[in-house]
Protein chains: 2
Amino acid sequence: MLVLNIMSSLKELSKLLGVSISTVSKALNNADDISAHTKKRVKELALALNYQPNKMGAALRNKKSKTIGVIIPDILNPFFAEVLFGIEKYCSLKGYDTLVCISNDLTSKEAEKIKLLKSGSVDGFLISLASQTQINQDYTHIIKNIPSNELVLFDRLTHHISCDKVSVDDENITYKTTKNLIKNGRKSIAFLSTIEHLEIGKERKQGYQKALKEAKISNNKNLELSLETNAVMHNQIKEWILSNEFDAVIAADNTSGIIVQNFLLALKPIKAKKIKVIGFSNANQSLLTFPQLSYIDQNAELIGQKAAELLINRIQNTNKNKAFTHIKIPASII
Amino acid sequence: MLVLNIMSSLKELSKLLGVSISTVSKALNNADDISAHTKKRVKELALALNYQPNKMGAALRNKKSKTIGVIIPDILNPFFAEVLFGIEKYCSLKGYDTLVCISNDLTSKEAEKIKLLKSGSVDGFLISLASQTQINQDYTHIIKNIPSNELVLFDRLTHHISCDKVSVDDENITYKTTKNLIKNGRKSIAFLSTIEHLEIGKERKQGYQKALKEAKISNNKNLELSLETNAVMHNQIKEWILSNEFDAVIAADNTSGIIVQNFLLALKPIKAKKIKVIGFSNANQSLLTFPQLSYIDQNAELIGQKAAELLINRIQNTNKNKAFTHIKIPASII
DNA sequence: TTGTATGCGTTATCAT
DNA sequence: ATGATAACGCATACAA
């Protein structure tokens, strides 16, 4: 049978079948009070005409759009791309669409997107806070506009907003990593970060410092490099590598570990092999270095999946009063 | 004034103001036949109550959702992330939302997503074909379901579908790049690809071969390495580097150039500096190597922007019969 | 077992 | 200048 790209509606099916619209609707939804015969007829025609229920009609009627709004700071950051992948996968599985917005790390954009997505477009929000929002600690645009049981924060959180949350235990993972390096005989462990302005950046550094302190290793401030992500970053890293001695580096963000690893090989070819570099990354990215970078895998996809799961559960759950949970995804060193 | 996260509607505004719903609607839409005074009153209250028009209601009434459906093969590929960034930016500017789906390079997923997005959810589609679709050359799920004036294909195209298209002139850019290398005295130019199964992969290789042929350089098949993207890829590249001599490499995909550059430094530290490596990449990725990788910038963001622009123009344009265009984005060597 | 009527929020047409 | 009404597609309470 020929199929057309013309939208068929319940109305059209009802006309063609000579039954009422509600009968068609009920038949397609498998209502008890429709005869098997009618159901069969309806479903067959629906299939033949490639009938797809109109989302807007259903959304209006049900006051549920079956769509999740996602706001991330930066799609070009592989971490968020991976989270998004996890979100999309889970939502898709549960029959939800995802409306993706990018805040560009600006509070104004974040607020604008929230306003846009509100009012019928989405049933709930998955948000990773813009860095500007985290720095200024002004969350009114979120608190005022999103009911806390329609919101899940992930990765870039704040304890000022009470809702479901998903993140990595950032402090703990750098603590354990640093401790491990010490145990393996590393004496001069450096720490490089381009995200010290973010909460997760602070936590990662704290974990590192805590481990040093516990091991009674004096904190050599020269081995702590804090940078902005920009064009001169590379020269700064280069200078830093050339003017300091260390036998291990922990890089706190998604890319600088890769840069350090590659630079070492070029700048200190002899020593390079003896210096352990650990970055926050993922399998794909770590493959870009030689030798392959050791990395802390934040399980970004899992973060996305769990965040989506929490939100959909809360949206669909009749018991809206369940206490908010904070899921801490285990990070793994690879 | 206190603002609540309760959805206000035209109905609510009309009740509070003591005017009819249609007056409120018209006032907000700046209709000519509403007095300035009324407009002012309405708009003030709308602002105070943080009124947002319900997208679903408007979509149903207007038969336009002001939403664009985007289907990409892989969000983890930085190229598509960048395209998406361009799409989102432009759509957002024009007041369109983007509904993002991932086909995972599977035709079945692609078809499923199309079906889902059809019927009211989106006004048009931006699609980059799944590799499976390109390989099998079966486009019925697209042709049958999407009117050609509601579709723009980008990057991974086919001439079997007639619609607006945006891509890089892939053959030409590798042709020019290769020619340039030859002009600069390179004698043994290698070509590495992990995407030979894709149309763009074929075109890139053709450009390379064409330039060699024109320069009457015999085509040394050992210098053409074709791989699958997988775990053993790294060993294959390593072997290839060790067992071949070349003074330049063109890498046809988004990551292998970076890998080659880094491997060279480790495996052939002396010769490495004299070997020119050129990849398909972008500014962010190229910063991950040392020395910084030369790369062909596909202007992914611009591809996204142009694709969105073409689609929105065609959707909004009354003249639907304008001939389809194929925009070829200039790639630049950096 | 099937059909009728209503309303979700919006806008356009046609009164008043 | 303002208001009443209808319709978009759907699901449901209620009639028949």
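Criteria and cut-off values
Residues numbered from 1 in each chain as written. Chains lettered and ligands numbered in written order. Predicted model: local features only at pLDDT ≥ 70, side-chain atom pairs only at ≥ 80, totals over all residues. Heavy atoms only, no water. Near = heavy atom within 4 Å. Polar contact = N/O pair within 3.5 Å; in protein donor to acceptor, adjacent residues only side chain to side chain. Helix = DSSP H or I, 4+ residues; strand = E, 2+ residues; numbered from the N terminus. Contact = heavy atoms within 4.5 Å. Buried area = accessible area lost by both parts, 1.4 Å probe. Salt bridge = Lys/Arg side-chain N within 4 Å of Asp/Glu carboxyl O. Pairing = 2+ DSSP bridges. Buried < 20%, exposed > 50% of the residue type's maximum accessible area, 1.4 Å probe, protein only. Arc of directions from axis to C-beta. Expected span 1.5 Å × (residues − 1). Axes fitted to C-alpha atoms, helices over the stretch in contact; angles between N-to-C directions. Parallel < 35°, antiparallel > 145°, perpendicular 65-115°, else oblique. Left-handed = near helix turned anticlockwise from the far one by under 90°. Phe/Tyr/Trp six-rings, centres within 6.5 Å; stacked < 30°, edge-to-face > 60°. Lys NZ or Arg CZ within 6 Å of the ring centre and 35° of its normal. Nonpolar A, V, L, I, M, F, W, Y, C, P; charged D, E, K, R; others polar. Least-squares fit on C-alpha atoms with pLDDT ≥ 70 in both. UniProt positions renumbered as here; feature names shortened; annotations may be inferred. Core = buried A, V, L, I, M, F, W, Y, C linked by side-chain atoms within 4.5 Å.

Named according to an unreviewed UniProt entry, chain A is LacI family transcriptional regulator originating from Planktosalinus lacus.

Asks: Residue-level account of the protein's contact with DNA strand D, with values.
Replies: Taken together, 27 residues lie around DNA strand D, and Y51 and R61 of chain A together with T23, K26 and D33 of chain B are the ones closest in. Backbone atoms, meaning sugar and phosphate, make up 59% of the atoms of DNA strand D lying within 4 Å of the protein. In this structure, a base nitrogen belonging to DNA strand D sits 3.2 Å away from a side-chain N or O atom of S22 of chain B. The backbone of S35 of chain B places a nitrogen or oxygen atom 3.1 Å from a phosphate oxygen of DNA strand D. Sorting elements by how many residues they give to the surface near DNA strand D places helix 4 (residues 55–62) of chain A first, with five residues.

Asks: Just give me the short version of the interface of chain B and chain A, but keep the residues and values in it.
Replies: Contact residues are listed per partner, giving 61 residues for chain B and 60 residues for chain A. Taken over both partners, the interface formed by chain B and chain A buries close to 5200 Å², and the fraction arising from carbon and sulfur atoms is 62%. Its largest share of buried area at the contact with chain A, chain B owes to M56, L288 and F290 of chain B, together 13% of the area lost on that side. Here E88 of chain B ties to K113 of chain A by a salt bridge, and the two come within 3.6 Å at their closest N and O atoms. Linking chain B to chain A there are 13 residue pairs in polar contact (both at pLDDT 80 or more). Elements represented by at least two residues in the side of chain B that touches chain A include exactly helix 4 (55–62), helix 5 (78–93), strand 2 (97–102), helix 6 (107–117), helix 11 (233–243), helix 12 (256–267) and helix 14 (283–286) of chain B. Tallying contributions element by element places helix 12 of chain B first for the side of chain B that touches chain A, with seven residues.

Asks: Can you explain the sheet that holds strand 9 (residues 276–281) of chain B? Please cite residues and give values.
Replies: Paired through their backbone hydrogen bonds, the strands of a sheet run either parallel or antiparallel. All names here are of chain B. Taken in spatial order, the six strands make up an open sheet running 7-6-8-9-10-12, and their pairing is mixed. The sheet is open, and its two edges are formed by strand 7 (224–226) and strand 12 (332–333), each paired on a single side. Across three bridges, strand 6 (residues 189–193) lies against strand 7 in parallel orientation. If you follow S193 over to strand 7, its bridge partner there is S226.

Asks: Kindly report on helix 6 of chain B, identifying the contributing residues and their values.
Replies: Residues three or four positions apart in an α-helix share a direction because the helix packs 3.6 residues into each turn. All names here are of chain B. Considered for burial, the residues of helix 6 that qualify are T107, E110, K113, I114 and L117. Down the axis of helix 6, the smallest arc covering the buried residues is 125 degrees, so these residues share one side. The positive-phi residue at the C-terminal boundary of helix 6 is S119, with phi of around 60 degrees.

Asks: Go over the pattern of salt bridges, please, and point to the residues and values.
Replies: Evaluated as defined, the whole model comprises 28 salt bridges over all chains. For D33 of chain A, the salt bridge identified is with K26 of chain A, shortest N-O distance 3.8 Å.

Asks: Any details on helix 5 (residues 78–93) of chain A? Residues and values, ideally.
Replies: Residue and element names in this part refer to chain A. For helix 5, with 16 residues, the first-to-last C-alpha span of 23 Å sits near the 22 Å given by 1.5 Å per residue. Of all 16 residues in helix 5, 13 are buried; the element is thus mostly enclosed. G95 sits one or two residues past helix 5 and shows a positive phi near 80 degrees.

Asks: Give me the packing of helix 11 of chain B against helix 12 of chain B: which residues, what numbers.
Replies: Residue and element names in this part refer to chain B. Their axes nearest at 10 Å, the elements helix 11 and helix 12 cross at an angle of 55 degrees. By the angle between their axes, helix 11 is oblique relative to helix 12. For the element pair helix 11 and helix 12, the recorded crossing hand is right-handed. Across from M233, H234, I237, K238, I241 and L242 in helix 11, the residues of helix 12 making contact are I259, V260, F263, L264 and L267.

Asks: Which residues make up the packing of aromatic side chains, and what values go with them?
Replies: All names here are of chain A. Counted under the stated rule, the structure contains six aromatic pairs over all chains. The ring of Y175 has K210 sitting right over it, with the charged end atom 4.4 Å from the ring centre. Across the ring face of F246, the terminal group of K268 is positioned such that the distance to the ring centre comes to 5.5 Å.

Asks: Kindly report on the protein's contact with DNA strand C, identifying the contributing residues and their values.
Replies: Neighbouring residues of DNA strand C: 28 residues in total, closest S22, K26 and D33 of chain A together with Y51 and R61 of chain B. S20 of chain A is positioned with one of its backbone polar atoms (N or O) 2.9 Å from a phosphate oxygen of DNA strand C. Residue N54 of chain B places a main-chain N or O atom 2.7 Å away from a phosphate oxygen belonging to DNA strand C. Of all the secondary structure elements, the ones that give two or more residues to the surface near DNA strand C are helix 2 (21–28) and helix 4 of chain A together with helix 1 (10–17), helix 2 (21–28) and helix 4 of chain B. The leading source of residues in the surface near DNA strand C is helix 4 of chain B, at five residues. Looking at the surface near DNA strand C, its residues break down into nine nonpolar, 12 polar and seven charged.

Asks: Please set out the sheet that holds strand 6 (residues 189–193) of chain A residue by residue, giving values where relevant.
Replies: Residue and element names in this part refer to chain A. With mixed pairing, the six strands of this open sheet are ordered in space as 7-6-8-9-10-12. Edge positions in the open sheet fall to strand 7 (224–226) and strand 12 (332–333), since each of these has one partner strand only. Where strand 10 (residues 294–297) meets strand 12, two bridges bridge the pair, whose relative direction is antiparallel. By the bridge assignment for strand 12, D297 is matched with S332. Across the face of the sheet, helix 12 (residues 256–267) comes into contact with strand 6, strand 8 (248–251) and strand 9 (276–281) while running at roughly 150 degrees to strand 9.

Asks: Describe the relation of the copies chain B and chain A, listing the residues and the values that go with them.
Replies: Screw-axis analysis of chain B against chain A gives a translation of 0.0 Å along the axis, an RMSD of 0.1 Å, and a rotation angle of 180 degrees. What the rotation and shift describe, once combined, is the action of a two-fold rotation axis. By residue overlap, the copies meet face to face through one surface: 98% of the interface positions of chain B are interface positions in chain A.

Asks: Let's hear about the UniProt feature "domain: HTH lacI-type" (unreviewed entry) in chain A: which residues, and what values?
Replies: According to UniProt, the feature "domain: HTH lacI-type" (unreviewed entry) maps to residues 8–62 of chain A in the numbering used here. In residues 8–62 of chain A, the share of helix is 67% and the share of strand is 0%. The end C-alpha atoms are 20 Å apart.

Asks: Lay out the side chain of T133 of chain A with the relevant residues and their values.
Replies: Examined against the element boundaries, T133 of chain A turns out to sit in helix 7 (residues 131–136). Those residues in contact with T133 of chain A, other than ones at most four positions away along the chain, are T107, E110, D138, Y139 and H141 of chain A.

Asks: Let's hear about the nonpolar core: which residues, and what values?
Replies: One broad rule of soluble globular proteins: the nonpolar side chains tend to lie buried together. Core analysis: the biggest nonpolar cluster contains 87 residues, and L126 and F154 of chain A together with L126 and F154 of chain B have the highest contact counts within it. Leaving out residues up to four positions away in the same chain, F154 of chain A has contacts with I72, F80, V83, I87, L126, I127, S128, V166, I303 and A307 of chain A. Counting residues in each nonpolar core, the second largest holds 47 residues, with A190 and L264 of chain A together with L192 and L293 of chain B among its members.

Asks: How would you explain unusual backbone geometry if you had to name every residue and give the values?
Replies: Residues and elements named next belong to chain B. At D155, a residue that is not glycine, the phi angle is positive and equals roughly 60 degrees. Here D155 shows up in the loop between strand 4 (151–154) and strand 5 (164–168). Backbone geometry at K216 places phi at a positive 55 degrees, although glycine is not the residue there. Inspection of the secondary structure assignment puts K216 in the loop between helix 10 (199–214) and strand 7.

Asks: Account for the side chain of S65 of chain A, naming residues and giving values.
Replies: Residue position: S65 of chain A is located in the loop between helix 4 and strand 1 (67–72). Taking relative accessible area as the criterion, S65 of chain A reaches 4% and is therefore assigned buried. A distance of 2.9 Å separates a polar atom in the side chain of S65 of chain A from the backbone oxygen of S121 of chain A. Apart from residues lying up to four places away in sequence, S65 of chain A is in contact with K55, A59, G120, S121, V122 and D123 of chain A together with M56 of chain B.

Asks: Explain the environment of D164 of chain A to me, using residue names and the numbers behind them.
Replies: Residues and elements named next belong to chain A. Its place among the elements puts D164 in strand 5 (residues 164–168). With 147 residues separating them along the chain, D164 and L311 place their C-alpha atoms 7.7 Å apart. Other than its neighbours up to four places away in sequence, D164 contacts L151, V152, L153, L310, R314, A323, F324 and T325. Within the structure, the side chain of D164 is placed 2.6 Å from the side chain of R314, a separation counted as a polar contact.

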